[in-house]
Amino acid sequence: MITLHSLSAIDQATFLQKNEIADFLFAHLGKYGDPKEDILKCLDYALDPGLQAGGFVILARENDQIVGALVMNKTGMSGYIPENILVYIAVDANQRGKGIGGKIMEMALKMANGAIALHVEPDNPARKLYERLGFTNKYLEMRLTRN
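Quick caveat, the model's predicted, so the values are computed rather than measured.

Caption draft 1: Layout of the side chain of Arg61. With respect to the element layout, Arg61 can be found in strand S2 (residues 55-62). Taking the relative accessible area as the measure of exposure, Arg61 reaches 14% and is therefore buried. There is a polar contact of 3.0 Å between the side chain of Arg61 and the backbone oxygen of Asp64. Beyond its immediate stretch of four places on either side in the chain, Arg61 contacts Met1, Ile2, Thr3, His5, Glu20, Ile66 and Val67.

Caption draft 2: Seen up close, helix H3 (residues 100-111). Over its 12 residues, H3 runs 17 Å from end to end, which matches the ideal 16 Å to within 8%, given 1.5 Å per residue. Turning to H3, its buried residues are Ile100, Gly101, Gly102, Ile104, Met105 and Ala108.

Caption draft 3: Fine view of the nonpolar core. Membership of the largest hydrophobic core comes to 20 residues, with the highest contact counts inside it found for Ile21, Leu25, Leu43, Val57 and Val71. Going through the elements one at a time, helix H1 (15-29), helix H2 (36-47), S2, strand S3 (65-74) and strand S4 (84-91) are the ones with two or more residues in this core. A total of six residues in this core trace back to one element, the largest contributor, which is H2. When neighbours within four sequence positions are excluded, Leu43 is seen to be in contact with Lys18, Ile21, Ala22, Val57 and Val71. Counting residues in hydrophobic clusters, the runner-up holds 19 residues, among them Ala60, Met105, Leu118 and Leu129.

Caption draft 4: Main features of the packing of H1 against H2. At a minimum axis distance of 9 Å, the contact between H1 and H2 shows a crossing angle of 130°. Comparing their axes, H2 and H1 come out oblique. Crossing geometry of H1 relative to H2 is assigned as right-handed. Residue-level inspection shows Lys18, Asn19, Ile21, Ala22, Asp23, Leu25, Phe26 and Leu29 of H1 in contact with H2, the latter providing Lys36, Ile39, Leu40, Leu43, Asp44 and Leu47.

Caption draft 5: Examining the pattern of salt bridges more closely. Per the stated rule, a full pass over the model turns up six salt bridges. The partner of Asp44 in a salt bridge is Lys18, and the shortest N-O contact between them spans 2.9 Å. Here the residue Asp44 occupies a position in helix H2, and Lys18 occupies one in helix H1, the gap between them amounting to 26 residues. Classification of Asp44 by relative accessible area gives partly exposed; the value is 35%. Residue Lys18 is classed as buried on the basis of its relative accessible area of 13%. Across the pair Asp38 and Lys41 runs a salt bridge whose closest N-O atoms are separated by 3.7 Å.

Analysis parameters
Residues numbered from 1 in each chain as written. Predicted model: local features only at pLDDT ≥ 70, side-chain atom pairs only at ≥ 80, totals over all residues. Heavy atoms only, no water. Helix = DSSP H or I, 4+ residues; strand = E, 2+ residues; numbered from the N terminus. Buried < 20%, exposed > 50% of the residue type's maximum accessible area, 1.4 Å probe, protein only. Polar contact = N/O pair within 3.5 Å; in protein donor to acceptor, adjacent residues only side chain to side chain. Contact = heavy atoms within 4.5 Å. Expected span 1.5 Å × (residues − 1). Core = buried A, V, L, I, M, F, W, Y, C linked by side-chain atoms within 4.5 Å. Axes fitted to C-alpha atoms, helices over the stretch in contact; angles between N-to-C directions. Parallel < 35°, antiparallel > 145°, perpendicular 65-115°, else oblique. Left-handed = near helix turned anticlockwise from the far one by under 90°. Salt bridge = Lys/Arg side-chain N within 4 Å of Asp/Glu carboxyl O.

Quick look at the structure:
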């Protein structure tokens, strides 16, 4: 049976918990993911009680193993920038097609206060889920990356 639960700053997640989540996301985001170090930075931002903005994590577990995870960061802004950014969501490749991603997203939509932004590659199959939930494509993102 799949169970969902959330973590936020008040849960005081340990390094081991964050590491378990980061390992799962790194493994299951595949070509749409980031280096583990960046995932850990995102988790620190979402779960650190000392930060102003914060966020939350939602985990789907089966037999005590993570089978799905989502990380939402609060932006600390509103109006001109959405209040939340969905940074990561992944479902174990062996568990896809069972509605786990949809359940995680529904819980996240209930937990987040304000608007939510996300980035998705045009060929990412998760794009269909986001569109089904009401997300629209308002902008083309452009970045200037500096070292």
